[in-house]
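Examination of the molecular architecture
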Amino acid sequence: MIGGCKWNWMCQHWTHHAFTNHHVKDPDAVNAEPMLLFNDYPLGHPKRKFFHRFQVLFFLPILSFYWLSMVLNPQTFTLEHAGAKDVGIRMDNDFLKSRRIWAITIRFVYIYLNIIRPFWNNGGMEGVYTTAFHVLTMGAAESLTLACLFALSHNFEHVDRDPTKSVRKDGKAVCWFKSQVETSSTYGGFIAGALTGGLNFQVEHHLFPRMSSAWYPFIAPKVREICAKHGVRYAYYPWVWQNFWSTVKYMHQTGTGSNWMNPLKGDL
């Protein structure tokens, strides 16, 4: 639907699962930079820009270009995803090399059917602007449908944005399962899962990425029970709008750096 590349997505998503919310190694955490900050960088960090203070007002319009960034992504022709490559994933393996010709072919077919052909069918220059509007509207709708669901999965209030902090601080090993839970959220239940293909069960997906999403609504109550037993913070929202609103507030906090301010010192 979004016009992305399957093999680039695999490289990116494997890396994302291994390093969820890691401020350097998770490609999903930095892909929107410098336009948007999903990482909650300390005040004064060089990646913070003046306009990030207002990102809560424009992060949805920026996400509406997700489709265009996928369709015109030059990494489709090399199958060398920059985010995955930066953390050491080898892109020169035989598997990816053998898929390049297919990735390029499919990309040209997609562009022809979804961009070029609509203009061709228009039959003249008088409808160019209308056709362009229709194509871009389609792209924006697809972008927001998917990108919003992606964004709220790991960006919400009280999310763990630094799962390896304990290692750097005192050498304490990180529990991978605990970090997967505390960097993800789940909303809704069976119906939301049917409508989103299981994207609403991000906690369960990150714990059991190879399990069919059809099983997630059945295991979610037990996962929550085990997390409560062991003191693991499980973010659950009964409705998607609650998760989305938490994401909106998180984007504001991240953009302004309010989580790093100390009201006792007059920072607010």
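Here is a short report on the structure shown in this document. (Residues numbered from 1 in each chain as written. Predicted model: local features only at pLDDT ≥ 70, side-chain atom pairs only at ≥ 80, totals over all residues. Heavy atoms only, no water.)

For the rest of this paragraph, the subject is the packing of aromatic side chains. Per the stated rule, a full pass over the model turns up eight aromatic pairs. Pairing Tyr 66 with Phe 150 gives two aromatic rings, centres 6.4 Å apart and planes at 80°, and the pair type is edge-to-face. A residue pair is termed long-range when its members are at least 10 positions apart, and Tyr 66 in helix H4 (residues 66-71) and Phe 150 in helix H7 (residues 128-154) qualify at 84 residues. For Phe 150, a relative accessible area of 26% gives the class partly exposed. (Phe/Tyr/Trp six-rings, centres within 6.5 Å; stacked < 30°, edge-to-face > 60°. Helix = DSSP H or I, 4+ residues; strand = E, 2+ residues; numbered from the N terminus. Buried < 20%, exposed > 50% of the residue type's maximum accessible area, 1.4 Å probe, protein only.)

On to a nonpolar patch on the surface. A cluster of nonpolar side chains, namely Phe 190, Ile 191, Leu 195, Trp 215 and Phe 218, defines an oily patch on the protein surface of about 690 Å² accessible area. If one sorts the elements of the nonpolar patch by residue count, helix H10 (residues 190-196) sits on top with three residues. The topology assignment puts Phe 190 in helix H10. (Patch = residues over 30% accessible without salt bridge, like charges linked within 9 Å, V, L, I, M, F, W, Y side chains within 5 Å. Areas by Shrake-Rupley, 256 points an atom, 1.4 Å probe, with all protein chains shown as cover. Salt bridge = Lys/Arg side-chain N within 4 Å of Asp/Glu carboxyl O.)

Remark: helix H6 (residues 94-122) packs on H7, axes separated minimally by 8 Å, with the N-to-C direction vectors making an angle of 150°. For the element pair H6 / H7, the angle class is roughly antiparallel. H7 is crossed by H6, and the crossing has right-handed handedness. Side by side, H6 and H7 meet where Tyr 110, Asn 114, Ile 115, Pro 118, Phe 119 and Asn 122 of the first sit next to Val 128, Thr 131, Ala 132, Val 135, Met 138 and Glu 142 of the second. (Axes fitted to C-alpha atoms, helices over the stretch in contact; angles between N-to-C directions. Parallel < 35°, antiparallel > 145°, perpendicular 65-115°, else oblique. Left-handed = near helix turned anticlockwise from the far one by under 90°. Contact = heavy atoms within 4.5 Å.)

Take the environment of Phe 59 next. Tracing the sequence through the fold places Phe 59 in helix H3 (residues 55-63). Using a relative accessible area of 3% as the deciding quantity, one classes Phe 59 as buried. Once residues within four sequence positions are removed from consideration, Phe 59 is found in contact with Leu 36, Phe 244, Val 248 and Met 251.

This paragraph deals with the side chain of Gln 12. Following the sequence through the fold, Gln 12 ends up in helix H1 (residues 6-18). A polar contact is formed between the side chain of Gln 12 and the side chain of Asp 28, at a distance of 2.5 Å. Setting aside residues no more than four positions away along its own chain, Gln 12 makes contact with Pro 27, Asp 28, Asn 31 and His 81. (Polar contact = N/O pair within 3.5 Å; in protein donor to acceptor, adjacent residues only side chain to side chain.)

Next up on the list: helix H13 (residues 240-256). Here H13 contains 17 residues, and its C-alpha end-to-end distance of 24 Å stays within 8% of the 24 Å for a straight helix at 1.5 Å per residue. Residues of H13 that are buried include every one of Asn 243, Ser 246, Thr 247, Val 248, Tyr 250, Met 251, Gln 253, Thr 254, Gly 255 and Thr 256, and no others. Its buried side turned inward, H13 meets H3, H7, strand S1 (185-187) and strand S2 (235-237). Following H13 by one or two positions, Gly 257 adopts a phi angle in the positive range, close to 75°. (Expected span 1.5 Å × (residues − 1).)

Scanning the entire structure with this criterion turns up six salt bridges. Put simply, Asp 162 and Arg 168 hold a salt bridge, and the shortest N to O gap is 2.5 Å. Residue Asp 162 is classed as partly exposed on the basis of its relative accessible area of 23%. Put simply, Glu 182 and Lys 178 hold a salt bridge, and the shortest N to O gap is 2.9 Å. Taken as a pair, Glu 182 and Lys 178 lie in helix H9 (residues 176-182) at a separation of four residues, close to a single helical turn.

This part covers the nonpolar core. Membership of the largest hydrophobic core comes to 20 residues, with the highest contact counts inside it found for Phe 59, Leu 63 and Tyr 187. Among the secondary structure elements, those contributing two or more residues to this core are H3, H4, H7, S2 and H13. The element that contributes the greatest number of residues to this core is H7, accounting for five residues. Those residues in contact with Leu 63 that lie beyond four places of it in its chain are Leu 36, Ser 143, Leu 144, Ala 147 and Ala 151. One finds Ile 219, Ala 220, Cys 227 and Tyr 234 within the second-largest nonpolar core, a separate group that totals 11 residues. (Core = buried A, V, L, I, M, F, W, Y, C linked by side-chain atoms within 4.5 Å.)

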